Amino acid sequence: MSLLYEGKAKRVFNTEQEGVLRIEYKDEVTAGNGAKKDSMSGKGRLNNLITSKIFSILKQKGVESHFVEQISETEQLVRSVEIFPLEVVVRNVAAGSICKRLGFEKGHQFEQPLLELFYKKDELNDPLITDDHVALLNIATEEQLSTIKEQALNVNRVLSELMDDMNLILVDYKIEFGITEDGNILLADEISPDTCRIWDKETKENFDKDVYREDTGSLIDTYETFYKKLEEL
Ligand code: ADP
Ligand code: MG
């Protein structure tokens, strides 16, 4: 079936089923909006397995998403949505860009989850935006944005608890939302070590893409270890 869209990490295809898409996870890994780029055999498989597992667990815990089913090692079926051009970031602990931007020390624990919105536009390098920008750019209505924020914080509660059960800390993550044909707002895209920062509770060792960004270890070994922990749950 026809290729709808090819991004940095995935390819999206139409299927014969109305309203259902097939996502194929690629072996490509990028950082800094494509500034750093490599291909790693097995990366697509791991992210597909991890995302599928996380969306399944979220569903069991009452959090709906676009995920329908995993159909192969590297592919899954999802519900087709129109993606809001928003990267919704939730932070529990300071790391990455917020340290540079606001001077927080890496590891600083926030008193409450911090939600940030970034405009998903590669040409502009995904800038940080406010609610007023969301309205001005017609990205979402006030009501839609409030639903998105509510769902993003709900994901935080469930996902943080899940990581805690694995002796890990959910430091931060990026999620995307879309709207279905019938107007429902649905969690979409992926939840994987590409899109989360996950630290070991005791050692603060990374289980995420920072090992690639900072060249501190093997991405494949790191994701494999994380996947095993998820499987042991
Ligand atoms: P990007 O390089 O933009 O991050 P990815 O390779 O991560 O792209 O993913 C491919 C694209 O698929 C993204 O633009 C993402 O928003 C989109 N996408 C994810 N889930 C869905 C869905 N359920 N329906 C339509 N598009 C989706
Ligand atoms: Mg992406």
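Please refer to the structure placed before this passage.
Anyway, here's the lowdown on the structure attached to this text. Keep in mind it's a predicted model, so treat the numbers as computed, not measured.

1. Some thoughts on the overall build of the protein chain
Thought 1: Counting its secondary structure elements, the protein chain contains six helices and 14 strands.
Thought 2: Scaling as 2.2 N^0.38, a compact globule of 233 residues should have a C-alpha radius of gyration of about 17 Å, and the protein chain matches this with 17 Å.
Thought 3: Within the protein chain, buried positions represent 48% of all 233 residues.
Thought 4: A separation of at least 24 residues holds for 57% of the contacts in the protein chain among residues at least 6 apart in sequence.
Thought 5: For the protein chain, the exposed surface amounts to about 11900 Å²; the carbon and sulfur share of it is 46%.
Thought 6: For the protein chain, the separation between the mean place of its 29 positive charges and that of its 45 negative charges on side chains is 3 Å.

2. A look at the sheet that holds strand β7 (residues 75–79)
Thought 1: Read across the sheet, five strands follow the order β1-β2-β3-β7-β6 without closing on themselves; strand pairing throughout is antiparallel. Since the sheet does not close on itself, it has two edges, and those belong to β1 (3–6) and β6 (67–70), each with one partner. Taking each pair of neighbouring strands and ignoring which way they run, the sheet shows an average axis angle of 25°.
Thought 2: Here β6 runs beside β7; their pairing, made up of three bridges, is antiparallel. The residue of β7 that forms the bridge with F67 is V78.

3. Points about the site of ligand 1
Thought 1: Close contacts around ligand 1 come from 15 residues, with K8, A9, K10, H66 and E176 the closest.
Thought 2: Within the side chain of H66, one N or O atom sits 2.8 Å away from a nitrogen atom of ligand 1.
Thought 3: One nitrogen or oxygen atom from the main chain of D189 is found 3.3 Å from a nitrogen atom belonging to ligand 1.
Thought 4: For ligand 1, whose free accessible area comes to 560 Å², the fraction covered by protein is 90%.
Thought 5: Those elements giving two or more residues to the shell around ligand 1 turn out to be β2 (10–14) and β7.

4. Quick word on the pattern of salt bridges
Thought 1: By the definition in use, this model includes 25 salt bridges.
Thought 2: Measuring nitrogen to oxygen at the nearest pair gives 2.5 Å for the salt bridge that ties R11 to E24. Here E24 lies in strand β3 (residues 20–25) and R11 lies in strand β2, a separation of 13 residues in the sequence.
Thought 3: Under the relative-accessibility criterion, R11 is labelled partly exposed at 23%.
Thought 4: For the salt bridge of D164 with K201, the shortest nitrogen-to-oxygen distance reads 2.9 Å. Of this pair, D164 sits in helix α4 (residues 142–165) while K201 is found in the loop between β14 (196–200) and α5 (210–213), placing the two residues 37 residues apart along the sequence.
Thought 5: Since its relative accessible area comes to 27%, K201 is described here as partly exposed.

5. Here's the deal with the packing of aromatic side chains
Thought 1: Under the defined criterion, the tally for this structure stands at two aromatic pairs.
Thought 2: Taking 6.2 Å as the distance between ring centres and 25° as the angle between the ring planes, the aromatic pair formed by F55 and F67 counts as stacked. Taken together, the residues F55 in helix α1 (residues 43–60) and F67 in strand β6 connect sequence positions twelve residues apart.
Thought 3: Judged by its relative accessible area of 1%, F55 falls in the buried class.
Thought 4: Looking at F67, the relative accessible area reads 15%, which means it is buried.

6. Quick notes on the side chain of K209
Thought 1: Relative to the helices and strands, K209 is located in the loop between β14 and α5.
Thought 2: In this structure K209 is buried but unpaired, with D194 as the nearest side chain of opposite charge at 4.7 Å.
Thought 3: Setting aside anything within four residues of it in sequence, one finds K209 in contact with V29, T30, P193, D194, L219 and Y223.

7. Here we look at unusual backbone geometry
Apart from glycine, the bulk of residues carry a negative phi angle, and the bulk of peptide bonds sit in the trans form.
Thought 1: A positive phi angle is found at N167, which is not glycine, with a value near 65°.
Thought 2: One non-glycine residue, D215, lies in the positive phi region at around 55°.
Thought 3: Inspection of the secondary structure assignment puts D215 in the loop between α5 and α6 (219–232).

Rules and cut-offs
- Residues numbered from 1 in each chain as written.
- Chains lettered and ligands numbered in written order.
- Predicted model: local features only at pLDDT ≥ 70, side-chain atom pairs only at ≥ 80, totals over all residues.
- Heavy atoms only, no water.
- Helix = DSSP H or I, 4+ residues; strand = E, 2+ residues; numbered from the N terminus.
- Rg over C-alpha atoms; globule rule 2.2 N^0.38 Å.
- Buried < 20%, exposed > 50% of the residue type's maximum accessible area, 1.4 Å probe, protein only.
- Contact = heavy atoms within 4.5 Å.
- Areas by Shrake-Rupley, 256 points an atom, 1.4 Å probe, with all protein chains shown as cover.
- Lys, Arg positive; Asp, Glu negative; His and termini not counted.
- Charge placed at Lys NZ, Arg CZ, Asp CG, Glu CD.
- Pairing = 2+ DSSP bridges.
- Axes fitted to C-alpha atoms, helices over the stretch in contact; angles between N-to-C directions.
- Near = heavy atom within 4 Å.
- Polar contact = N/O pair within 3.5 Å; in protein donor to acceptor, adjacent residues only side chain to side chain.
- Salt bridge = Lys/Arg side-chain N within 4 Å of Asp/Glu carboxyl O.
- Phe/Tyr/Trp six-rings, centres within 6.5 Å; stacked < 30°, edge-to-face > 60°.

Coordinates in, geometry out; function isn't part of it.
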